[in-house]
Amino acid sequence: MQSEVGPLHTVLLHRPGNELKRLTPRNNDQLLFDAIPWVDRAQEEHDAFAETLRGRGVEVLLLHELLAEALADPRARASAVHSGVDELKVGGDLADTLRSHLSSADAETLAEMLIAGMTFEELPAAEGSSLVRRMHHPHDFAIAPLPNLLFTRDSSAWVGDRVAIAALAMPARRRESALTDLVYAYHPRFSHCSRAYGAHSAPVEGGDVLLLSPGVVAIGVGERTTPAGAESFARSVFADDLAHTVLAVPITQQRASMHLDTVCTMVDRDAVVMYPAIQDSLTAYAMRPDDGGIRVTGPSPFLEAAAEAMDIDHLRVIDTGLDPVTAEREQWEDGNNTLAVAPGVVVAYERNAETNARLEEAGIEVLRISGSELGSGRGGPRCMSCPIIREVL
Ligand SMILES: NC(=[NH2+])NCCC[C@H](N)C(=O)O
């Protein structure tokens, strides 16, 4: 993986399942969804997304399947059981019961319980008299569901032939990395892959990591990725000789721009689609390896810093020319969150009609998918995909 636009060969998706059925008006904010999705329709939309990718020759891997397969390994099971039980939340006695319940499940059921979570009323009957169980509402979660697993982009990111497991910033998402980690550690398919940046280190989320060109990585620093996260990520990719420049790009710390890929994604070798409101103000600090350390320059305008690092005259921004209100609406609905399957060919939500029309006018082929339900989690095609292999440009 050296770019955002090289012909996409293999991608990791997660078909949403029962974890979405856990969302209610009482918990959706905490679980980072803006609405209550209609689950059957969300699945249809996701199936169509996967089909669109397969139609372009992309191999689609599904996280739930990989997880169940990885759990055939007893070491994976042990680590899964460990990661699924929060002793501080359920107390020592219930934690033991929960662990033995999880351990006795077959791989598929265990994967399902880890993803969809478990309420107190679903716990094994033997625990009926525990104080923790009696004082919790039956619908409280003994194991919290992971509805944001849909956004496979965030919990891991590939740079070159190495995978970085993210330490996710929001409490509702922390457990996702444990599952991704386990898949890469124990699924036979990944037995030869090496790690770039260990889990449980400073926070970096995949949605903030953009591979601008071979050797040049941009990292958004905002609500999710911290300056320390960007710096350690840079140190790691420099040490592994995977990049010569890492650009740390400050983005506003708010939900509308939680990741860099919510405001900017690459649509061609030298072109991005970008939220117009930030185009002139986006800046970057450039980090380069220097005598065993890191030299930091800037901040300078992002587009200039990027072009310089990429060694091109300029990084084209598709001129969407949208009026500010339309631009804001379409940015919120992930209009700038496109997934390239090849240079100049991107998957985008159909609802962002104006942005898509401008992309086409600029010569970009747009493969439209519907996302009325998927989008309620605030993520588009790029957020919902973790590219594993792209052809070198
Ligand atoms: N790469 C992205 N932009 N991911 C979007 C993640 C959305 C998810 N609901 C969250 O708040 O974390």
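The structure presented is a predicted model; accordingly, all values stated were derived computationally and were not measured. Numbering of residues starts from 1 in each chain and follows the order in which that chain's sequence is written. Reporting of local features is limited, given that this is a predicted model, to residues whose pLDDT is at least 70; pairs of side-chain atoms are given and counted only at 80 or more, and all residues count toward the totals for whole chains, interfaces and linings. For the side-chain quantities, the full set of heavy atoms in the structure was used; hydrogens and water were omitted.

Draft legend 1. Inspection of the packing of helix α3 (residues 74-84) against helix α9 (residues 174-186) at higher detail. For every element, the axis is a line fit to its C-alpha atoms; helices are fit only across the contacting stretch, and the angle between N-to-C directions ranges from 0 to 180 degrees. Labels follow the DSSP assignment, with helices taken as runs of H or I lasting at least four residues and strands as runs of E lasting at least two, numbered in each case from the N terminus. Between α3 and α9, the least distance of the axes is 10 Å, while the angle of their chain directions is 175 degrees. Judged on the interaxial angle alone, α9 and α3 are roughly antiparallel. Counting all contacts with α3, which are made through Arg75, Ala76, Ser79, Ala80, Ser83 and Gly84, the residues of α9 involved are Arg175, Ala178, Leu182 and Tyr186. Looking at side-chain class alone, the contact of α3 with α9 contains five nonpolar, three polar and two charged residues. Put simply, angles under 35 degrees are roughly parallel, angles over 145 are roughly antiparallel, angles from 65 to 115 are roughly perpendicular, and the rest are oblique. Should any heavy atoms of two residues lie within 4.5 Å, those residues are counted as being in contact. Think of it as three bins: nonpolar holds Ala, Val, Leu, Ile, Met, Phe, Trp, Tyr, Cys and Pro, charged holds Asp, Glu, Lys and Arg, and polar takes everything else, Gly as well.

Draft legend 2. Representation of the site of the ligand within the structure. Asn148, Arg224, Asp261, Gly377 and Cys383 are the nearest of the 15 residues found near the ligand. Contacts described as polar in this section are N or O atom pairs within 3.5 Å, which, within protein, must combine one atom able to donate a hydrogen with one able to accept it, while residues neighboring in sequence count only if both atoms come from side chains. Note that a nitrogen atom of the ligand is positioned 2.9 Å from one of the side-chain N or O atoms of Asp154. One of the side-chain N or O atoms of Arg255 is found 3.2 Å from an oxygen atom in the ligand. Residue exposure ignores everything except the shown protein chains as possible cover, and the areas themselves are Shrake-Rupley values with a 1.4 Å probe. When the free accessible area of the ligand is taken as 350 Å², the share hidden by the protein chains comes to 100%. Comparing atom positions with the cavity grids shows the ligand to sit within the second largest cavity. Within the shell around the ligand, the residues separate by chemical class into four nonpolar, five polar and six charged. Being near a molecule or strand, for a residue, comes down to having at least one heavy atom within 4 Å of it. Here a cavity means grid points, on a 1 Å grid over the protein atoms only, where a 1.4 Å probe fits yet cannot get out; a pocket means an open set of points with protein on both sides within 12 Å along at least five of seven lines; lining residues are those with an atom within 4 Å of a point. A cavity or pocket is said to hold a molecule if more than half of that molecule's atoms lie within 2 Å of its grid points.

Draft legend 3. The arrangement of the pattern of salt bridges in detail. For this analysis, a salt bridge means a side-chain nitrogen from Lys or Arg found within 4 Å of a carboxyl oxygen belonging to Asp or Glu. What the rule picks out here adds up to 27 salt bridges. For the salt bridge of Arg382 with Asp261, the shortest nitrogen-to-oxygen distance reads 2.9 Å. Residue Arg382 is located in the loop between β18 (365-369) and β19 (386-390), and its partner Asp261 is located in the loop between β10 (243-250) and β11 (264-268); the two are separated by 121 residues in the primary sequence. On the accessibility criterion, Arg382 (1% relative accessible area) is buried. For every residue, the accessible area (1.4 Å probe, protein chains only) is compared with the maximum for its type, and the residue is labelled buried under 20%, exposed over 50%, or partly exposed between those bounds. Looking at Asp261, the relative accessible area reads 0%, which means it is buried. A network of salt bridges, in which partner residues are shared, links Asp34, Arg255, Glu333, Arg351 and Arg378.

Draft legend 4. Layout of the sheet that holds strand β7 (residues 194-197). Any two strands are treated as partners once DSSP identifies two or more bridges connecting them. Pairing is mixed in the open sheet, where three strands are placed in the order β5-β6-β7. Since the sheet does not close on itself, it has two edges, and those belong to β5 (156-159) and β7, each with one partner. Averaged over all neighbouring strand pairs, the angle between strand axes comes to 40 degrees, with direction disregarded. Where β5 meets strand β6 (residues 162-165), four bridges bridge the pair, whose relative direction is antiparallel. Residue pairing across strands places Trp158 opposite Val163, the latter belonging to β6. Its contacts with the sheet put α9 on β5, β6 and β7, and the angle it makes with β6 is roughly 155 degrees. Each of β5, β6 and β7 is contacted by helix α10 (residues 227-239), which is oriented at about 135 degrees to β7, the strand it contacts most.

Draft legend 5. Fine view of the environment of Ala78. Inspection of the secondary structure puts Ala78 in helix α3. You can call Ala78 partly exposed: its relative accessible area is 48%. For the pair formed by Ala78 and Leu393, sequence separation is 315 residues and the distance between their alpha carbons is 41 Å.

Draft legend 6. Region of the structure containing the sheet that holds strand β17 (residues 345-349). On the basis of which strands lie adjacent, the open sheet formed by three strands has the order β16-β17-β18 and mixed pairing. Each having just a single partner strand, β16 (339-342) and β18 make up the two edges of the open sheet. Taking the axes of each pair of neighbouring strands and ignoring which way they run, one obtains an average angle of 30 degrees across the sheet. Sheet topology note: the β16/β17 ladder contains three bridges and is antiparallel.

Draft legend 7. Layout of the UniProt feature "active site" (unreviewed entry) in the protein. With numbering aligned to this structure, UniProt lists the feature "active site" (unreviewed entry) at Cys383. With respect to the helices and strands, Cys383 occurs in the loop between β18 and β19. Among the residues examined, Cys383 registers a relative accessible area of 4% and is labelled buried. Setting aside chain neighbours within four positions, we find Cys383 in contact with Leu150, Phe151, Thr152, Arg153, Asp261, Asp334 and Asn337. UniProt positions are given in the numbering used here, feature names are shortened, and annotations may be inferred rather than shown by experiment.

Draft legend 8. Highlighting empty space enclosed by the protein. Grid points are joined across faces, edges and corners, and a volume is the space filled by probe spheres set on the points. Applying the stated criterion to the full structure yields six cavities of 30 Å³ or more. Considered as a void within the structure, the largest cavity measures approximately 110 Å³ in volume. Taken together, 14 residues line the largest cavity, and the ones lying closest to its centre are Met1, Glu4, Arg153, Trp158 and Arg382. The set of elements that each furnish at least two residues to the lining of the largest cavity consists of β5, β8 (209-213) and β19. Among the residues forming the lining of the largest cavity, the class breakdown is seven nonpolar, three polar and four charged. For the second largest cavity, the calculated volume is near 80 Å³.

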